[in-house]
Amino acid sequence: QVQLVESGGGLVQAGASLRLPCAASGSIFSINAMGWFRQAPGKQRELVASITSGGSTNYADSVKGRFTISRDNAKNTLYLQMNSLRPEDTAVYYCNAAVKVVFRKIWEDFWGQGTQVTVSS
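This is a predicted model, so every value here is computed, not measured.

Conventions adopted
- The numbers attached to residues start from 1 for each chain and follow its sequence in the written order.
- Residues qualify for local features only when their pLDDT is at least 70, as the model is predicted, and side-chain atom pairs are given and counted only at 80 or more; totals for whole chains, interfaces and linings, by contrast, use all residues.
- To get the side-chain values, take all heavy atoms of the structure and skip hydrogens and water.
- By convention, a stacked pair of Phe, Tyr or Trp rings (six-membered ring in the case of Trp) has centres within 6.5 Å and planes under 30 degrees apart, an edge-to-face pair has planes over 60 apart, and any other such pair is tilted.
- Remark: a charge is flagged as sitting over a ring if the NZ atom of Lys or the CZ atom of Arg is within 6 Å of the ring centre and within 35 degrees of the ring normal.
- Working definition: helices are DSSP H or I runs of at least four residues, strands are E runs of at least two. Numbering for both runs from the N terminus.
- Per-residue accessibility, obtained with a 1.4 Å probe over protein chains only, is compared with the maximum for each type, and a residue is labelled buried under 20%, exposed over 50%, and partly exposed between these values.
- Contact definition: two residues touch when any of their heavy atoms are within 4.5 Å.
- Residues adjacent in sequence count toward polar contacts only when both atoms are side-chain atoms; beyond that, a polar contact is any pair of N or O atoms within 3.5 Å, and within protein one must be able to donate a hydrogen and the other to accept it.
- Remark: nonpolar core denotes a set of buried residues (Ala, Val, Leu, Ile, Met, Phe, Trp, Tyr, Cys) joined through side-chain atoms within 4.5 Å.
- By the convention used here, strands pair only if DSSP detects at least 2 bridges between them.
- The term salt bridge refers to a pairing of a side-chain nitrogen on Lys or Arg with a carboxyl oxygen on Asp or Glu at a separation within 4 Å.

J.: So what exactly am I meant to see when it comes to the packing of aromatic side chains here?
T.: The relative placement of two aromatic rings is captured by the distance of their centres and the angle of their planes. In this structure the tally under the stated criterion is one aromatic pair. Of note, arginine 45 hangs over the ring of tryptophan 111, and the distance from its end group to the ring centre comes to 4.7 Å.

J.: Help me out: how do you make sense of the environment of threonine 118 in this one?
T.: Along the chain, threonine 118 turns up in strand E11 (residues 115-120). Its relative accessible area of 27% is what places threonine 118 among the partly exposed residues. Sequence spacing of threonine 118 and glycine 26 is 92 residues, and the spatial spacing of their C-alpha atoms is 30 Å. Residues in contact with threonine 118, not counting those within four places in the same chain, are Gly10, Leu11, Val12 and Thr90. Within polar-contact distance, the side chain of threonine 118 engages the side chain of glutamine 116 at 3.2 Å.

J.: Which parts of the structure should I look at to understand the nonpolar core?
T.: Across soluble globular proteins, you tend to see nonpolar side chains buried next to one another. The biggest cluster of nonpolar side chains holds 33 residues, and the ones touching the most others in it are Trp36, Leu80, Met82 and Tyr93. A total of six residues in this core trace back to one element, the largest contributor, which is strand E9 (residues 91-101). Sequence-distant contacts of tyrosine 93, defined by excluding residues within four places in its chain, comprise Glu6, Leu20, Trp36, Phe37, Arg38, Val48, Phe67, Leu80, Met82, Gly114, Thr115 and Val117.

J.: Just checking my understanding: could you explain the pairing of E9 for this structure?
T.: On a regular strand, each side chain points to the face opposite its neighbour's, so the side chains alternate between the two faces of the sheet. The buried count for E9 comes to nine of eleven residues, which makes it a mostly enclosed element. Judged from the three bridges that link them, E9 and E11 form a sheet pairing that is antiparallel. Note on E11: the bridge partner recorded for valine 92 is glutamine 116.

J.: Which parts of the structure should I look at to understand the pattern of salt bridges?
T.: As a working rule, side chains carrying opposite charge can pair if their charged atoms are close by. Scanning the model with the defined rule gives five salt bridges in all. Its salt-bridge partner being aspartate 89, residue arginine 38 comes within 3.0 Å of it at the nearest N-O pair. Taken together, the positions of arginine 38 in strand E4 (residues 28-39) and aspartate 89 in the loop between strand E8 (77-82) and E9 put the pair 51 residues apart, joining distant regions of the chain. Across this residue pair, the class does not change: arginine 38 and aspartate 89 are buried. Note that glutamate 108 and arginine 104 form a salt bridge whose closest N and O atoms lie 2.8 Å from each other. Glutamate 108 sits in the buried class, given a relative accessible area of 18%. The class of arginine 104 is partly exposed, set by a relative accessible area of 38%. Through salt bridges with shared partners, one network takes in Arg38, Glu46, Arg66 and Asp89.

Without other data, these values stay purely geometric and don't point to any function.
Next up, the structure:
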């Protein structure tokens, strides 16, 4: 199967930066789009940023200019560079990827277990 493992979360003060990596491993034939989502307490999970296999990116309005999504296709790793963090960025951040598993012919959606980011004011 396929595993996505996020890391890099933590407790920081407003204005600080964090970098979240997400490593994909397992029976991977190919990875298409990847993305970061977040879920704050009492709120629905929302898209933060996404990136295609070709490198085209998309961002939520709330993070434009502060967050940067990138990927290393050779390492099957996704990154989220978060600058100028705000208390409203506090959430569990999840990695998502559309993966074609070896010996299967369909794209499947996989999620990581999430990493907590807490921003204090």
